[in-house]
Amino acid sequence: MNSSTDTFIRAELISFTRDPGDGNMPESGSLEHYGDGLLWLKDQHIHAVGHFVEISPSLPEGADVLDYRDKLIMPGFIDTHVHYVQLDIMASYGRQLLDWLNEYTFPEECRFANHAHAEALSAAFLDEMLRAGTTTAQVFGSSHPGSVDAFFTAANKRQLRMLVGKVLMDRNAPEALMDGASGIADSERLIEDWHGKGRLGYSVTPRFAPTSTKTQMDAAGALLRNDPTLWLQTHLAENSGELDWVADLFPGSRDYLAVYEASGLVGPRSTFAHGIHLDNGMRKRLADRGANIAFCPSSNLFLGSGLFDREAAKETGMAFTYASDIGAGTDLSGFATLKAAYQVGQLGGQPLTAWQGFYGLTRGNAKALSLDNHIGQLAPSLEADFVVIDPQATSLLARRISRCTTLGERLFALMILADDRAIFETWAGGQCQHRRDNV
Ligand code: GUN
Ligand code: ZN
């Protein structure tokens, strides 16, 4: 009998067990690839994965197998840094970071005082993420705690594994967005209500050093010390005007990173967005603490912030992840993030292989967020979050893919040419949460 909780999908399967290295081919044992594979789901998790011919004899009698042999399945994409509250200001004519924040971002975030608006945007944002094949993200709300309640509620409804936090800002921002002492109390309430509930986690979220006093950052550090299972997200060294501002505001600090270190914000569950303008000393200190930099290539190009140096990151052992950084980022799609990362790499003589890119977007991002026991790989007992990719989604893609003779070529073509049209389905928690042809 086909148990009602079991699902069987026959498709090409791709998943990384570890970093594939920098070569033209993935290091031995780092990639699992089943040209004709079977994914067996049970109770929101992956029960078995492997070659169809090997697993099919153990299927229950009468098992109803979804036939996706013309599709390619990968773990769901992960976005380590994104602002859901900025969805509606994407593509606002950009200058540099600080002007862009004042002109578009802060006024937009004021709208999240209205709970109905926060609910509508949470739903719209998550639907867009699913359309792009992203199943987990680390997300900034606005400074209104209700923006986080709305987001957690919407994520829970869709069974998504999501990290989110209320922005902390107690200076240098519009009056309506500043929180003062209530910011920490509101964060504590949100942690109590949501952290560890179902698939949800709380990320303590001081926006960046210029908009928090040392008192507020110290209090954020105390939250992390009290509960080491919390995450931390903020921004670091994105833009030269920002660097000058931080140096003015913290004249006694050795450098920008030391501001965060002094408040206890740098640890293995900390994500610092951008990290473009770092020296090797800062990179090594981040590496020693196990923190990661979220590389946000489409945002860095859009705001003209600079070119992230992946080679320096690797040489110093500093972990980095891949992220969209909507609304400065120009695309929610993981494919587009990798394409921009490849282009940024090209300008610095550091081209990105498709192996590195797709490893980063899945298992690499999961590992850096300490979520690799749950997501990021197609492996038994992990949560059933994955994307079903249609390599024939457009006539152009179909033409290009038909000329590829190796898996590496196909993945690279997807990285450069694919977009949300190539996401046929997105599954989270063992359920199909988005189907392209239904919309
Ligand atoms: N630095 C501080 N806040 C922000 C933000 O909202 N977006 C980006 N890209 N950088 C920031
Ligand atoms: Zn950001």
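Please read these numbers as outputs of a predicted model, since none were measured by experiment.

Participant: Quick question: what am I supposed to make of the overall build of the protein chain here?
Facilitator: When helices and strands are tallied, the protein chain shows 15 helices and 16 strands. Referenced to the eigenvectors of the C-alpha coordinate spread, the extents of the protein chain come out at roughly 65 × 45 × 40 Å. Here the protein chain holds 439 residues, and 59% of them are scored as buried. Expressed as a percentage of contacts within the protein chain between residues at least 6 apart in sequence, the contacts between residues at least 24 apart total 75%. Entry remark: accessible area of the protein chain is about 16400 Å², with carbon and sulfur atoms responsible for 49%. Positive and negative side-chain charges of the protein chain, numbering 37 and 54 respectively, have mean locations separated by a distance of 3 Å.

Participant: In this structure, what is going on with the pairing of strand S6 (residues 134-140)? I would like to understand it.
Facilitator: Remember that side chains alternate between the two faces of the sheet whenever the strand is regular. Burial analysis of S6 places 7 of its 7 residues in the buried class, which makes it a mostly covered element. Bridge count between strand S5 (residues 77-83) and S6: 5 bridges; the pairing is parallel. Each bridged residue has a counterpart across the sheet, and for Ile 78 the counterpart in S6 is Thr 136. Where S6 and strand S7 (residues 161-165) come together, 5 bridges link them in parallel fashion.

Participant: Got a minute to help me understand the side chain of Arg 363 in this structure?
Facilitator: With respect to the helices, strands and loops of the structure, Arg 363 is situated in helix H13 (residues 354-368). In this structure, Arg 363 is buried with no salt-bridge partner, the nearest side chain bearing the opposite charge being Asp 372 at 4.4 Å. A polar atom in the side chain of Arg 363 sits 2.9 Å from the side chain of Gln 377. Those residues in contact with Arg 363, other than ones at most four positions away along the chain, are Phe 16, Thr 17, Arg 18, Asp 372, Gly 376 and Gln 377.

Participant: Explanation requested: the site of ligand 1 in the structure shown.
Facilitator: Every residue close to ligand 1 is listed here: His 83, Gln 86, Leu 97, Trp 100, Leu 101, Arg 207, Phe 208, His 235, Glu 238, His 274, Asp 325 and Ala 328. Between an oxygen atom of ligand 1 and a side-chain N or O atom of Gln 86, the distance comes to 2.9 Å. Between ligand 1 and Arg 207 there is a distance of 2.8 Å, counted from an oxygen atom to a side-chain nitrogen or oxygen. Protein burial of ligand 1: of its 280 Å² of free accessible surface, 100% is covered by the chains. Top element by residues in the shell around ligand 1 is helix H2 (residues 97-110). It accounts for 3 residues. Here the residues of the shell around ligand 1 sort into 5 nonpolar, 4 polar and 3 charged.

Participant: What is the right way to look at the pattern of salt bridges in this model?
Facilitator: Pairing is possible between side chains that carry opposite charge, provided their charged atoms lie close to one another. According to the stated counting rule, one finds 26 salt bridges in the structure shown. In this structure, Arg 410 engages Glu 12 in a salt bridge whose closest nitrogen and oxygen atoms are separated by 2.8 Å. Taken as a pair, Arg 410 in helix H15 (residues 407-417) and Glu 12 in strand S1 (residues 6-16) lie far apart in primary sequence, 398 residues in all. Two residues, Glu 109 and Arg 207, come together in a salt bridge whose shortest N-O distance is 2.9 Å. Here Glu 109 is found in helix H2, whereas its partner Arg 207 is found in the loop between strand S9 (200-206) and helix H6 (214-226), with 98 residues between them in sequence. When salt bridges with common partners are traced through the structure, they connect Arg 161, Arg 199, Glu 383 and Asp 385 into a single cluster.

Participant: Help me out: how do you make sense of the coordination of the zinc ion (ligand 2) in this one?
Facilitator: Expected angles at a metal are 109.5 degrees for tetrahedral coordination by four donors and either 90 or 180 degrees for octahedral coordination by six donors. Around the zinc ion (ligand 2), the donor atoms from the protein are His 81 (NE2), His 83 (NE2), His 235 (NE2) and Asp 325 (OD), and they sit 2.0 to 2.4 Å away. Here the zinc ion (ligand 2) is ringed by 4 donor atoms whose angles at the metal span 88 to 165°, and the overall shape comes out irregular. Each donor residue of the zinc ion (ligand 2) belongs to the same chain, with the gaps between them written as H-x1-H-x151-H-x89-D. One end of the pair, His 81, is in strand S5; the other, Asp 325, is in the loop between strand S13 (319-322) and helix H12 (334-347), and 244 residues separate them in sequence.

Rules and cut-offs
Throughout, a residue's number is its position along its own chain's written sequence, starting from 1. Chain A is the first chain written and ligand 1 is the first ligand written, with later ones labelled in order. Totals for whole chains, interfaces and linings use every residue, but because this is a predicted model, local features are given only for residues with pLDDT of at least 70 and side-chain atom pairs only at 80 or more, for both listing and counting. Note that water and hydrogens are dropped before the side-chain values are worked out from all heavy atoms of the structure. Helix and strand definitions here come from DSSP, where helices need a minimum of 4 consecutive H or I residues and strands a minimum of 2 consecutive E residues; each element is numbered from the N-terminal end. The cut-offs for exposure are 20% and 50% of the maximum accessible area for each residue type, with area from a 1.4 Å probe on protein chains only; residues under the lower value are buried, those over the upper are exposed, and the others partly exposed. Contact criterion: two residues are considered in contact whenever any of their non-hydrogen atoms come within 4.5 Å of each other. Computed by Shrake-Rupley with a 1.4 Å probe, the accessible areas treat only the displayed protein chains as cover when residues are assessed. When charges are counted, Lys and Arg are positive and Asp and Glu negative, with His and the chain ends excluded. Note on charges: their place is set at NZ of Lys, CZ of Arg, CG of Asp or CD of Glu. Strand pairing is defined by DSSP finding a minimum of two bridges between the two strands. Salt bridge, as used here, is a side-chain nitrogen of Lys or Arg placed within 4 Å of a carboxyl oxygen of Asp or Glu. Whenever a nitrogen or oxygen atom comes within 3.5 Å of another N or O atom, the pair is scored as a polar contact, on the condition that within protein one atom can donate a hydrogen and the other can accept it, and that pairs from neighbouring residues in sequence are kept only if both atoms are in side chains. One heavy atom within 4 Å of a molecule or strand is enough for the residue carrying it to be called near that molecule or strand. When residue character is reported, Ala, Val, Leu, Ile, Met, Phe, Trp, Tyr, Cys and Pro are called nonpolar, Asp, Glu, Lys and Arg charged, and the others, Gly included, polar. For Na, K and Ca the donor cutoff is 3.2 Å, while for all other metals N, O and S atoms must lie within 2.8 Å; water is not among the atoms, so some sites may look incomplete. A site with four donors is called tetrahedral when every donor-metal-donor angle falls between 85 and 135 degrees; four donors are called square planar, and six octahedral, when opposite donors sit more than 155 degrees apart and all other angles fall between 65 and 115; any other arrangement is irregular.

Honestly, it's all geometry; don't read function into it.
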